[in-house]
Amino acid sequence: MIFSRFFTPDHAKPDPKVRKAAAIQLSPDEPKSRQILHELAFNDEAPEVNLAALEQLNSFALWQKVAQTAKNERVKKAAKQKVRTSILSDDTVSDTDKKDFLLESADAELVAEFLLQKHSVSFDADYVLRLIDKVDKPQFREKYFLSGASDEVRQVLLQQEASISRLQKWLKRVSGDLAERIGLRIAELEAEQEMPIEVTKQTRLVLSKLQALLDEKSLDVFSQKRACLVQEYTDLEASFYCLNDRDKQAFEEKKHRIDERLSRCESSLSEEYEAQQQALLKTTTLNEIESDIAAIGLQVEALMSEIDAVTLEALENVQKTILDLETRVTKATTLIGRANAEPLLQKLSLLSSQLTKLPEWQRHTLAMQTLLDNIETSFQSDVSDWSTIAQTIEDYQSRFNELFESESPLAVQHKQRWSQLKGALKAAKKEAEKESKQTIAQFRKQLGVISSLISQGKFRVAMLKFSTLNNQWSQASEQVKRSLERKYEEISTQVDRLEGWQDYVSADRKPALLEQARTLVDDTSMGMVERANKIKLLRKSWQSLSLTKSEAEQGEQIDTEFDDLLERAFAPCRKYFAEQEEKRKQHIQDREAMIKALSEVSEDTSLAIAEKYEAFNALQKRWRNADKLRPQDYLPLKARFDALRDEVTTSFDAWLSDNAEQKNNLVSRAQALLESADIKAATEEAKVLQQTWRTTATAGKKLDGQLWKRFRKVNDAIFERLNAERVASKQAVSEAVEAFNTSLNVVKAKVDEGDTEAYRACADKLYSQLTQLPKSIVSDLKASLSELDKQVRNIEADKRLKREQAKINALLNVMQDSTGKHADSMHEHPDWDVLEPSWQQALTGAYKFNNDQILTHRADALLLLEIALDLPSPETERGNRQQLQLSLLASSLEQGDKPDPQQYLHAWLGFGVLDKIDESELVRLNTCLQTMLRAV
């Protein structure tokens, strides 16, 4: 025990004062003394010994550790004061140690004091902001902002400050540029405060518009507006961060409910749209078929109008077209309906039957043309007796009526030609009548002269003149003879009394009359009426003659011969007149039947007014087309028919007037559509009006024609305007597409040269142009634009990869060229500015790895980087890699840390320049960097 007292060192003696004095005498430079001082500083029970040992060691790290772990309050307080003094005023502590301490160990009060004393001027803004966040006091933020903060820190603090009242307090204490920046921040916060109100307002408006779409009836308008409104809502959703959760949820729920209703509405509209499209297809198909039938009708009409020039090939072509149309209508029956198909098939059947009758009409046309040619030929012969011409006209009219067919395709042409010939015959009759009157006047004058000569006793002169007149009389027309017959007979009787006159006159006349009778028997070319008149005149002439002496000897033989000849000549006339009488009776019966039918129509109350009017018109048409009668038969019948017609016509007046008013209203409505701004809607309305017109009853033939002409003119103007607008719309779309393609080609040319900014500058404009174009042509243009967008992204990705690869190459060059040199030499390297700023900070030691227990060597940082990237490590590093993986696992379990390749790369760079070039290490680093690049 005594020896132990003598040999016990002072630092181990019981007396604290001795231990303190011993601690003061120990030198920290000697390893053994340094160990004793460590023991005294942390394990000695006397505070003064602890403090003396710490003073001798003079290590900021030890003071910092004691301040955190000391149990004695005196020691702890002294250590804290020492640390505070070192941080605030002692230059022996490195900036790195200060930064680590302030960030990790120092209390908020010390950090605040350190910052306010402007010791942080040399520190970067990010670090200062981290210290400010550690203090976490609004008053300190304000104080530091207004005192010593740098511009960069102030800008961040401004953006972090969200209190307008606090910023307004700051504003009162500053001026100049800083005041302007604070004012801008206040305005920005005020705008952010208004933002929830505006977002709420706009969102409600969009949802209201979406809900209003439930009343939309057009699928196209519905889809277009819905897409636009959904896009507006999507754009507003990006600003929902400023709303509270309740409002946000309310909007989302309301949007969901509206979407469900809109989906149901869209489904309903789609069904209606499909029905409309089906109806439109039906109408279009029906209109096309009707148009084609009308066209083939025109072809058939053309064939009928040129019936004598129709070829077999043309006929077969038209018949084939009709058969094709019938097949087409049959196939379309399901679509257009049987009610529409049957009338079309009936029309086609009628056209086909017309073509079937074509040979018959050709024969009829040939016969009619032959008749008309014969009439024209016979008219050209010399006919001087106007009464004969009148009979000829009547005979020709009868023959024409017998052959004429109103259903003939050339009925109109035949009737026109007959009217022309009839007019010419009537003109000839008028001319013959005029000549006949002149001849009668001359004969009357000569007969007066003869009568005067006889009265004067100048018989010889009278007989000579009568002889001359008698020759002229025999050549005169029957009309002239009928007109002067009595006067002639009187003069002839007077002359007969003259001696020897009868022999003189009768010598040559009866044989001549017999010859005329014989000729008449054999003449078959003469009409029956003309033949009968001729027989009548011959008999009258025969009876006016007395027998000569030679004829008297023959007795009645010559009279009998003459009578036989006339009887034979009249036999055809007797048959003809009997047939005509039968026809006359039949025609009278037909017209009586028409009068009876008209009377029944007038008295029938079961018929609708339209049906009665149709029956009335049909009867009128039959009356006009019925065969003609003699005036004495026709006029009484006509009077009865006209009386009934007037009675029936009166009953139609109110109905026709009402129909005319309806059609006038349709014309007025059509005229109003001309002024409509929406020409498409006006056109659809015009189609409805046309359909209404078709179902509106007649207003009378004459008025119908006038009203239809006006109505059609207005409709033509409406559809012409629609066509003009369609042409203008197509032109506008064409110009817009051309402008879009021009812009796209210009941008594409610049992109092909590598200028992607040109695309970014006008991409929105190009997409906006697409929204103005019809959907039918947008897809191809949008595909071209999307392809260009993809090309731009690829170019930009290539550029980005090249920039990142350039940074990697620059880093390898800097590390390789700076090997073995001072760290400051890296700043002078030409590739230094190419490096990432975070790499520059790490290389200059400004980066601190937050897990020093794991990372102690550069090789460990590279291994950690390979572990984080799941890359293999050299076989020689297997043990170190396993140990690091266990450490990482433990750290992950305790602190929840996850491997971060960037952190390990910064840690590797934080070790500074390489001591020597290690190619394998640089190769491993390059592999890691390339892997990180591919991940990006």
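Each value, and the rule that gives it
- Residues numbered from 1 in each chain as written.
- Predicted model: local features only at pLDDT ≥ 70, side-chain atom pairs only at ≥ 80, totals over all residues.
- Heavy atoms only, no water.
- Salt bridge = Lys/Arg side-chain N within 4 Å of Asp/Glu carboxyl O.
- Helix = DSSP H or I, 4+ residues; strand = E, 2+ residues; numbered from the N terminus.
- Buried < 20%, exposed > 50% of the residue type's maximum accessible area, 1.4 Å probe, protein only.
- Phe/Tyr/Trp six-rings, centres within 6.5 Å; stacked < 30°, edge-to-face > 60°.
- Lys NZ or Arg CZ within 6 Å of the ring centre and 35° of its normal.
- Core = buried A, V, L, I, M, F, W, Y, C linked by side-chain atoms within 4.5 Å.
- UniProt positions renumbered as here; feature names shortened; annotations may be inferred.

## Here we look at the pattern of salt bridges
In step 1: On inspection of all chains with the given rule, the structure shows 17 salt bridges.
In step 2: Among the salt bridges present, the one from D324 reaches K320, with a minimum N-O distance of 3.3 Å. With D324 and K320 both in helix 16 (residues 312-331) and four residues apart, this pair spans about one turn of that helix.
In step 3: In this structure, E581 and R584 form a salt bridge, with 2.4 Å as the shortest nitrogen-oxygen distance. Taken together, the residues E581 and R584, both in helix 28 (residues 557-603) and three residues apart, mark about one turn of the helix.
In step 4: Looking at R584, the relative accessible area reads 18%, which means it is buried.
In step 5: Each of R226, K255, D259 and E266 takes part in salt bridges that share partners, so that together they form one network.

## Considerations on the environment of R568
In step 1: Inspection of the secondary structure puts R568 in helix 28.
In step 2: Residues R568 and A517 lie 51 residues apart in sequence; the distance between their C-alpha atoms is 9.3 Å.

## Structural notes on the packing of aromatic side chains
In step 1: In this structure the tally under the stated criterion is four aromatic pairs.
In step 2: Plain terms: the ring middles of W693 and W708 are 5.7 Å apart, the flat faces sit at 50° to each other, and that makes the pair tilted. Pair noted here: W693 is in helix 31 (residues 679-695) and W708 is in helix 32 (residues 701-752), with a separation of 15 residues, a long-range link.
In step 3: By relative accessible area, which is 38% here, W708 ends up partly exposed.
In step 4: Feature note: the residues W693, W708 and F711 constitute an aromatic cluster, connected by ring pairs.
In step 5: In this arrangement the basic side chain of K255 is found over the ring face of Y233, its NZ or CZ atom lying 5.0 Å from the centre.
In step 6: Across the ring face of W623, the terminal group of R591 is positioned such that the distance to the ring centre comes to 4.6 Å.

## What about the nonpolar core?
In step 1: The biggest cluster of nonpolar side chains holds 40 residues, and the ones touching the most others in it are L40, L115, I132 and V153.
In step 2: Counting only elements with at least two residues in this core, the list comes to helix 3 (31-43), helix 4 (47-57), helix 5 (60-69), helix 6 (73-88), helix 8 (108-116), helix 9 (125-135) and helix 11 (151-160).
In step 3: Here this core takes seven residues from helix 9, the largest share from any one element.
In step 4: Within the second largest apolar cluster, 35 residues are counted, among which are L811, M826, A842 and L925.

## Points about the UniProt feature "coiled-coil region" (unreviewed entry) in the chain
In step 1: Under the UniProt annotation, "coiled-coil region" (unreviewed entry) lies at residues 778-805.
In step 2: As a span, residues 778-805 carries 100% helix and 0% strand, and end to end its C-alpha atoms are 40 Å apart.

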